[in-house]
Amino acid sequence: MVLKRVLAFAFIASTAVYAATFDVTFSTAGHDVPPTLYGLMFEDINHSGDGGLYAELIQNRAFQTVTPGTSAALTAWAALGSAKISVVKSSSPVSSALPNALSFAVASGTTSTVGFTNSGYFGIPVTAGWTYTGSFYYRTPSPPATKVSGSFTADLRSTGGTVFTSATVPFTTSSTWQQATFTFTASSTQTSVENLFALSVGGSTVAGLTMEFTLISLFPPTFNGRENGFRMDLSETLLDMKPAFFRFPGGNNLEGETAADRWAWENTVGDLVDRPGRVGDWGYINTDGLGLYEYLQWIEDMGMEPIMAVYAGYSLNGASVASSGMQTYITEAINQINFVIGDASTNAQAAIRASMGHADPFTLNYIEIGNEDFFSPTTYADYRWADLYNALHAEFPQLHYIATSATSGNVPTLSPTPTYWDLHIYSNPICLTILKDFFINGAFNFDILSRNGLQFFQGEYATTTENSGAALTYPFIDGSIAEAAYMAGFDRNSDIVFAASYAPLLNHVSSTQWTPDLITFSPNTVIRSTSYYVQQLYSLYKGDFYLQSTTNTASSSVQWSVTRDTSAGQYFLKVINTATSANTVVFTLPFTPSHTTGTGTILTAPSGTQNTPTSPNAAVPSTFSFTAGKTITYNAPGLSLSVLVVTE
Ligand code: AHR
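Let us look at the structure shown here.

The rules behind the values
- Here, residues in each chain are numbered from 1, in the same order as that chain's written sequence.
- Local features in a predicted model are, by the rule used here, given only for residues with pLDDT of at least 70; side-chain atom pairs are given and counted only at 80 or more, and totals for whole chains, interfaces and linings are based on all residues.
- Heavy atoms from the whole structure form the basis of all side-chain values; hydrogens and water molecules are not counted.
- Where helices and strands are cited, they refer to DSSP runs of H or I of at least four residues and of E of at least two residues respectively, numbered from the N terminus.
- Atoms considered for the radius of gyration are the C-alpha atoms alone. The globule rule reads 2.2 Å times the number of residues to the power 0.38.
- Working definition: with a 1.4 Å probe on protein chains only, accessible area under 20% of the residue-type maximum means buried, over 50% means exposed, and in between means partly exposed.
- Proximity criterion: a residue is near a molecule or strand once any of its heavy atoms comes within 4 Å of it.
- We call two N or O atoms a polar contact when they sit within 3.5 Å, provided that within protein one can donate a hydrogen and the other can accept it, with sequence-adjacent residues counted only if both atoms are side-chain atoms.
- Only the protein chains shown count as covering a residue, and every accessible area follows the Shrake-Rupley method with a 1.4 Å probe.
- Ten residues, namely Ala, Val, Leu, Ile, Met, Phe, Trp, Tyr, Cys and Pro, are considered nonpolar, four, namely Asp, Glu, Lys and Arg, are considered charged, and the remaining ones, Gly among them, are considered polar.
- Stacked, tilted and edge-to-face are the three classes applied to pairs of Phe, Tyr and Trp rings, where Trp contributes its six-membered ring and a pair requires centres within 6.5 Å; stacked means planes under 30 degrees apart, edge-to-face means over 60, and tilted covers the rest.
- Counting as a charge over the ring demands two things of the Lys NZ or Arg CZ atom: a distance within 6 Å of the ring centre and an angle within 35 degrees of the ring normal.
- Multiplying 1.5 Å by the residue count of a helix minus one yields the expected span of that helix.
- Counted as salt bridges are all cases of a side-chain nitrogen of Lys or Arg within 4 Å of a carboxyl oxygen of Asp or Glu.
- For our purposes a nonpolar core is just a set of buried Ala, Val, Leu, Ile, Met, Phe, Trp, Tyr and Cys residues, chained together by side-chain atoms within 4.5 Å.
- Only heavy atoms matter for contacts: two residues are in contact if any of them lie within 4.5 Å across the pair.
- At least two DSSP bridges between two strands are required for those strands to pair.
- Here, axes are lines fitted to C-alpha atoms. For helices the fit covers the stretch in contact, and angles between N-to-C directions go from 0 to 180 degrees.
- Throughout this description, any angle smaller than 35 degrees is read as roughly parallel, any larger than 145 degrees as roughly antiparallel, any in the 65 to 115 degree range as roughly perpendicular, and the remainder as oblique.
- A clockwise turn of the near helix away from the far one marks a right-handed crossing, whereas an anticlockwise turn of less than a right angle marks a left-handed crossing.

### Side note on the overall build of the protein chain
Moving on, step 1. Each helix and strand in the protein chain was counted, giving nine helices and 35 strands.
Moving on, step 2. Taken over C-alpha atoms, the radius of gyration comes to 27 Å for the protein chain, in line with the 26 Å a tight globule of 648 residues would show.
Moving on, step 3. With the C-alpha coordinates of the protein chain rotated into their principal frame, the extents come out at 95 × 60 × 45 Å.
Moving on, step 4. Of all 648 residues assigned to the protein chain, the portion counted as buried reaches 59%.

Below, the structure is given as structure tokens:
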């Protein structure tokens, strides 16, 4: 790498600050940029899965994991009219996975409308032109001798009772479970999401009856029109980043509070009635309707590749599975991988995948063994890593295995020696490091590492506090630009950094466990943070080849990176200015551009700027033109990330 650095200072009297000029030359030497470099890290946190990416609108749809008879079991549900509702353990459940049901009791002599409502995941969007697809299971545990037939009305309504769209759903009493399905289309868009799904019926039809309901489901149109699919606007927001990979399902949410609570793939596949759900590690019920198959299908639809984690015998209560107990989890991991890539004609797990609609194997190259196992490094180093790695590598030698723990200096002290290693960085005051400064100072963290075959995955990172140490609710421009400076180090070191992803990804504005997050959403809005735009610009202008340039020092206020899209003949000059005042960068190109005018994109905003629900577009990227010649002089505004595109 060329280490020549030329710095010239100029005093600007009017603003009484020193602006610097940085002279940058680059050659055609460099290294490939791995196609995996920029992607997404996902786990169900902040209702990012249930209530977020997973498009299901009904919260607590199957009363999974709740205690019957409690008011908590009725979360999101309310009775309509004089009906009495409660959650019961059904004497004849719809499936062994779903033992509970909503009991709906109507007193004899009732004539007025009765039913029940669901308030969704902190609201329900009503959008003109959307056709909603609904279904539910119902039965009458003690049906009358003479069958009763009638019709429910399924609708979307305001909390004040104005009905926006509805469907008639015929029913007949029977002690066995029946499934009803319906659709309705909204003709108006409601600004407010304080709406309800309601199922109601004339009281005289059901007077004296007690009925049970479960798996009461309502989907809006989904991304790519998939059944049991993903929310469109969130998917499109992520697609706009052109992410290369999707790390899932955790994060902490892989691990469970105990081993028994872990994310277990086999509970997340097959028919929805066969998925018990679990209490996720972020304190709310995971329906597991967003299961392994749904993840993989959506990843494929999005043009990403999975980085899939397997449980590695460590849970959040701090306990590790004993060496003698590891075989259960080794078998589970092998089965999980076979579900993804096995031959459906010979492998039972792959046959489940085929039965769900994907006979061909999904793409799978990377397996992460655990998550943050540095919380139990001894057992990871003693046996957990080796047990899993050896068994999985023997079965699937073509896959790459990522370690998450056990380091001595910059080398994982594990045997077998890993070739992939996941690092997480949330800098915060407890680390006695000022966050913004950590990311600026860290821009050269990877430059000093040996090129010894070890590949790094920056699987989680974010600026989480202001420089004062105050916690951030949303990313702010100062932190986002600091992340951009750090990311110049990813570009430059992409010979050993094969992947990087900001975390956490998504946050439901009404149910937050962790801030800041890349994207905040409500049932009908999506807020792209300043850090989102940084991630997007790096991903869109990743290129396929990194060109060595004169480098700056860590802690300097200006960083840069030059990459190339070889087939397009385009060069991406990224300039990051973490100072609050402008600085100038002069690029000397090894060629004369074919176009004398270039187009750039810039993200910049005054210090402290955040994109929030009340000010979602406080900072958004804009485009500009610049004069392109063999020399390009660029004046980078304070707190900015700019990408100048030059055509050879
Ligand atoms: O991203 C939030 C959490 O941070 C993840 O679940 C965990 O891996 C890390 O500690």
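### Structural notes on the site of the ligand
Moving on, step 1. Taken together, Glu43, Gly251, Asn252, Trp282, Asn371, Glu372, Tyr426, Glu460, Pro504 and Trp514 make up the full set of residues near the ligand.
Moving on, step 2. Glu43 places a polar side-chain atom, nitrogen or oxygen, 2.4 Å from an oxygen atom of the ligand.
Moving on, step 3. The contact in question runs from an oxygen atom of the ligand to an N or O atom on the side chain of Tyr426, over 2.7 Å.
Moving on, step 4. Alone, the ligand offers 280 Å² of accessible surface; in the complex the protein occludes 94% of this.
Moving on, step 5. Per-class residue counts for the shell around the ligand are four nonpolar, three polar and three charged.

### Considerations on the packing of aromatic side chains
Moving on, step 1. For the structure shown, the criterion picks out 59 aromatic pairs.
Moving on, step 2. The ring of Tyr311 is capped by Arg262, whose NZ or CZ atom sits 5.9 Å from the centre of that ring.

### Focus on helix H8 (residues 477-492)
Moving on, step 1. With 16 residues, H8 should cover 22 Å at 1.5 Å per step; its first-to-last C-alpha distance of 23 Å lies within 8% of that length.
Moving on, step 2. Within H8, 16 of the 16 residues are buried, which leaves the element mostly enclosed by the surrounding structure.

### Digging into the pattern of salt bridges
Side chains that differ in sign of charge can pair as their charged atoms come close.
Moving on, step 1. A complete count under the given rule lists 16 salt bridges for this structure.
Moving on, step 2. A salt bridge links Asp301 to Arg226, with the shortest nitrogen-to-oxygen separation between them at 2.8 Å. Remark: Arg226 occurs in the loop between strand E13 (210-219) and helix H2 (232-239) and Asp301 occurs in helix H3 (residues 292-301); sequence separation between them is 75 residues.
Moving on, step 3. Asp301 sits in the partly exposed class, given a relative accessible area of 22%.
Moving on, step 4. Between Glu332 and Arg262 there is a salt bridge whose closest N-O contact spans 2.7 Å.

### Structural notes on the nonpolar core
Moving on, step 1. Grouped together as the largest cluster of nonpolar side chains are 109 residues, with contacts concentrated most on Leu292, Trp298, Ile367, Ile369 and Leu392.
Moving on, step 2. Non-local contacts of Leu292, meaning those with residues more than four positions away in its chain, are made with Phe248, Trp263, Trp265, Thr268, Val269, Met308, Gln336, Phe339 and Val340.
Moving on, step 3. Ranked by size, the runner-up nonpolar core spans 41 residues in total, among them Ala73, Ile85, Val87 and Ile216.

### So, the sheet that holds strand E23 (residues 455-463)
Strands in a sheet are paired, the pairing made by backbone hydrogen bonds, and the direction either parallel or antiparallel.
Moving on, step 1. Overall, parallel pairing links the eight strands, which are arranged E3-E14-E17-E18-E19-E22-E23-E24 in an open sheet. In this open sheet, the two strands that pair with only one neighbour each are strand E3 (40-41) and strand E24 (497-500).
Moving on, step 2. Here four bridges tie strand E14 (residues 245-248) to strand E17 (residues 305-310), and the two strands are oriented parallel to one another. Bridge pairing in E17 places Arg247 opposite Ile307.
Moving on, step 3. Packed onto the sheet, helix H4 (residues 326-341) meets E17 and strand E18 (366-369) and runs at close to 160° relative to E17.

### Regarding the packing of H4 against helix H5 (residues 348-355)
Moving on, step 1. Between H4 and H5, the shortest axis-to-axis distance is 7 Å and the interhelical angle comes to 40°. In terms of orientation, H4 lies oblique with respect to H5. Crossing hand, H4 versus H5: right-handed. When H4 is examined against H5, the residues Asn335, Asn338, Phe339, Val340 and Ile341 are found in contact with a partner set consisting of Gln349, Ala350, Ile352 and Arg353.

### Side note on the environment of Leu537
Moving on, step 1. Here Leu537 lies in helix H9 (residues 530-540).
Moving on, step 2. Taking the C-alpha atoms as reference points, Leu537 and Val585, 48 residues apart in sequence, are found 19 Å from one another.
Moving on, step 3. With residues up to four places along the chain from it excluded, the contact list for Leu537 reads Lys574, Thr601, Leu603, Leu641 and Val643.

### A word on the side chain of Thr612
Moving on, step 1. With respect to the helices, strands and loops of the structure, Thr612 is situated in the loop between strand E32 (597-604) and strand E33 (622-627).
Moving on, step 2. Apart from residues no more than four positions distant in its own chain, Thr612 is found in contact with Tyr474 and Ile527.

### Here we look at the sheet that holds strand E9 (residues 149-158)
Moving on, step 1. Strand order in the open sheet formed by five strands is E4-E7-E12-E9-E10, with antiparallel pairing between adjacent strands. Two strands bound the open sheet, and with one partner strand each, they are strand E4 (77-80) and strand E10 (163-172). In this sheet, adjacent strand axes meet at a mean angle of 20° when their direction is disregarded.
Moving on, step 2. Taken together, the five bridges between strand E7 (residues 114-118) and strand E12 (residues 195-201) define a ladder with antiparallel strand orientation. Residue pairing for E12: Gly115 is matched across the bridge by Ser200.

### Topic: unusual backbone geometry
Moving on, step 1. For the bond from Gly250 to Gly251, the omega torsion is 10°, close enough to zero to count as cis.
Moving on, step 2. Relative to the helices and strands, Gly251 resides in the loop between E14 and strand E15 (278-279).
Moving on, step 3. In this chain, Ser415 is followed by Pro416 through a cis amide linkage whose omega measures -5°.
Moving on, step 4. By secondary structure assignment, the location of Pro416 is in the loop between strand E21 (411-412) and strand E22 (420-427).
Moving on, step 5. We note that Phe63 has phi near 55°; this positive angle belongs to a residue other than glycine.
Moving on, step 6. Of the residues examined, Phe63 reaches a relative accessible area of 1% and is grouped as buried.
Moving on, step 7. Unlike most non-glycine residues, Phe122 shows phi in positive territory, near 65°.
Moving on, step 8. The residue Phe122 is located in the loop between E7 and strand E8 (131-139) in this model.

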